[in-house]
Structure formats: C-alpha cells, structure tokens
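Single-letter residue listing:
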Amino acid sequence: FQQGNLLAALALARAAGAGADSLRAAIPALRGLEFRVQDLGIRAGHRVIDNGVSTTPDSTIAALIDQREPVVLLCGGKQKQLPLDELVECARSRVALALCFGAAAPALARALRARGVAAEELPDVPSAVARAFERAVEGQAILFSPACASFDAYLNFEQRARHFRSCLPPVDAPQPHAVER
C-alpha cells in the first residue's frame, strides 16, 4: 500500500543525497501512519484496510485507487455536502459492495446504486463491519474509508476508527506453507 508515496519519498531522499543502498535497507522498516490506508492483516480470511482518517470523498478515492482488487467498502458518517460524482465513478471499477452507514447512508447508497454499484444501508459501524464479513467473498479485501465526517456518532475520525477496529475479528493465525514433494 502507499506505493506512490513510497516512491516519491525515495526520489526526494535520493535527490537530497541519500545513497541507494541505505534507501534500499530502510524500506522494510517503513511503516505508514495510523488510520491511513493501514493494513490490519488478514481477519476471518479477508485483508482489512483502515483508512479511517478519510472524511472526504477525495481521500476515499485515493484509498480505492491504491487497491489491486475490488473491495468491500465501508463508508458513511455525516455528509459534508461535497460532490460524490468522482467517488461513485471510481467505485464502479473498484468496489464489489459498498456498505453505507450512519446519517449519510441513504445519500451514499442512492448515489452508488444509481451508477450500478451494489450498495446497502446500515445504521452504524458495527453493523457495517458484521455485514462486510458476511458478504465479502474470497479474495476481496475490506476497506474502511468513510468519505464523510464522523460527527453523526463520534467526537472525531480517530474515535470512529478505533471503534471500527474494536468490531473486527482477531487476526487469523498464520497458515503453514505447504511443502511440495
């Protein structure tokens, strides 16, 4: 995730005089910022990505563009009266199912369905998380990227993102690799 940002940072560091070997050695230790397209691991068979910092359609678009496969998108909260057209257009090719929660759920779901994106309305984050794990199929990641303010139910985006995380199943146990004979 965040490959574009990584490449930009490496290019800037290189331009500032950092050596290629030291940059190469630093890459494995790099960690993204909390709640910003943060990989939370495999849970109940699905990769979970937390982009809880997203409070605008543009930040959700950026997270969607970063995904390789269609995702189950959890979005919602309190709508900021920002245009949804670009988000909906991006979702058409990157979202298998949108689970819309909170005060913005009706408007988000209506806009997505009008352009052919499967979307459901749910009352809150816990309901959306539960539904995501019910409906996600093999190979689909679950992306929490609200695209809306948190103020319909939370003090801030961080409180909403932490609540999202508290609703998740535990990280799956690592699977032993099969040995070919």
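Structure's up top.
1. A short note on the side chain of S145
Reasoning step 1: Position of S145 relative to the elements: it lies in strand β6 (residues 141-147).
Reasoning step 2: S145 gets classed as buried once you look at its relative accessible area, which sits at 0%.
Reasoning step 3: Polar contacts involving the side chain of S145 include one to the side chain of N51, which spans 2.8 Å.
Reasoning step 4: For S145, the contacting residues outside a window of four places in its chain are N51, S54, S59, T60, A63, L73, L74 and C75.

2. Quick notes on the nonpolar core
Reasoning step 1: Ranked by size, the top nonpolar core spans 27 residues in total, and within it L64, V95, C100 and L112 carry the most contacts.
Reasoning step 2: Looking at this core, the elements that each hand over two or more residues are α3 (57-65), β3 (71-76), α4 (85-94), β4 (95-101), α5 (105-114) and β6.
Reasoning step 3: Not counting residues up to four positions away in its chain, the partners in contact with L112 are V88, A91, A98, C100, V117 and A119.
Reasoning step 4: By size, the runner-up hydrophobic cluster in this structure holds 21 residues, among which are A128, F133, A161 and F164.

3. Comments concerning the packing of helix α6 (residues 125-135) against helix α7 (residues 157-166)
Reasoning step 1: Interaxial distance between α6 and α7 falls to 9 Å at its minimum, and their mutual angle equals 40°. On the basis of the axis angle, α6 is oblique to α7. Two packed elements cross with a definite hand, and for α6 against α7 that hand is right-handed. Between α6, through V125, P126 and V129, and α7, the contact on the second element is made entirely by R160, H163 and F164.

4. Some points on the pattern of salt bridges
Reasoning step 1: A complete count under the given rule lists 10 salt bridges for this structure.
Reasoning step 2: The shortest N-O distance in the salt bridge between D21 and R24 comes to 2.7 Å. In this pair, D21 and R24 are both assigned in helix α2 (residues 20-26), 3 residues apart and thus about one turn of the helix distant. Side by side, D21 and R24 carry an identical accessibility label, which is exposed.
Reasoning step 3: R113 serves as the salt-bridge partner of E121, at 3.2 Å between the closest nitrogen and oxygen.
Reasoning step 4: Residues joined by salt bridges that share partners form a network here, namely E120, R131, E134 and R135.

5. Let's talk about the layout of surface pockets
Reasoning step 1: What the second largest pocket holds in volume is close to 210 Å³.
Reasoning step 2: As for the second largest pocket, its lining consists of 14 residues, and the residues nearest its centre are R47, Q67, E69, G139 and A141.
Reasoning step 3: Tallying contributions element by element places strand β2 (residues 46-50) first for the lining of the second largest pocket, with 3 residues.
Reasoning step 4: Residues belonging to the lining of the second largest pocket are distributed by class as follows: 5 nonpolar, 5 polar and 4 charged.

6. Focus on the environment of D39
Reasoning step 1: With respect to the element layout, D39 can be found in strand β1 (residues 38-43).
Reasoning step 2: Considered as a pair, D39 and D50 are 11 residues apart in the sequence and their alpha carbons are 6.5 Å apart.
Reasoning step 3: From its side chain, D39 meets the backbone nitrogen of G41 in a polar contact 2.7 Å long.

7. A word on the side chain of N51
Reasoning step 1: With respect to the element layout, N51 can be found in the loop between β2 and α3.
Reasoning step 2: For N51, a relative accessible area of 4% puts it in the buried group.
Reasoning step 3: N51 has contacts with F35, R36, V37, S59, A63, L143, F144, S145 and P146, leaving out every residue within four places of it along the chain.

8. A short note on unusual backbone geometry
Leaving glycine out, the prevailing phi sign among residues is negative, and the prevailing peptide bond configuration is trans.
Reasoning step 1: Positive phi outside glycine occurs at V37, with the angle close to 50°.
Reasoning step 2: Turning to its location among the elements, V37 is positioned in the loop between α2 and β1.
Reasoning step 3: Residue V37 is classed as buried on the basis of its relative accessible area of 9%.
Reasoning step 4: Unusually for a residue other than glycine, Q81 sits at a positive phi of about 60°.
Reasoning step 5: Of note, Q81 is situated in the loop between β3 and α4.

How each quantity is defined
Residues numbered from 1 in each chain as written. Predicted model: local features only at pLDDT ≥ 70, side-chain atom pairs only at ≥ 80, totals over all residues. Heavy atoms only, no water. Helix = DSSP H or I, 4+ residues; strand = E, 2+ residues; numbered from the N terminus. Buried < 20%, exposed > 50% of the residue type's maximum accessible area, 1.4 Å probe, protein only. Polar contact = N/O pair within 3.5 Å; in protein donor to acceptor, adjacent residues only side chain to side chain. Contact = heavy atoms within 4.5 Å. Core = buried A, V, L, I, M, F, W, Y, C linked by side-chain atoms within 4.5 Å. Axes fitted to C-alpha atoms, helices over the stretch in contact; angles between N-to-C directions. Parallel < 35°, antiparallel > 145°, perpendicular 65-115°, else oblique. Left-handed = near helix turned anticlockwise from the far one by under 90°. Salt bridge = Lys/Arg side-chain N within 4 Å of Asp/Glu carboxyl O. 1 Å grid on protein atoms, 1.4 Å probe; cavity = no way out; pocket = protein on both sides within 12 Å on 5 of 7 lines; lining within 4 Å. Points joined across faces, edges and corners; volume = space filled by probe spheres on them. Nonpolar A, V, L, I, M, F, W, Y, C, P; charged D, E, K, R; others polar.

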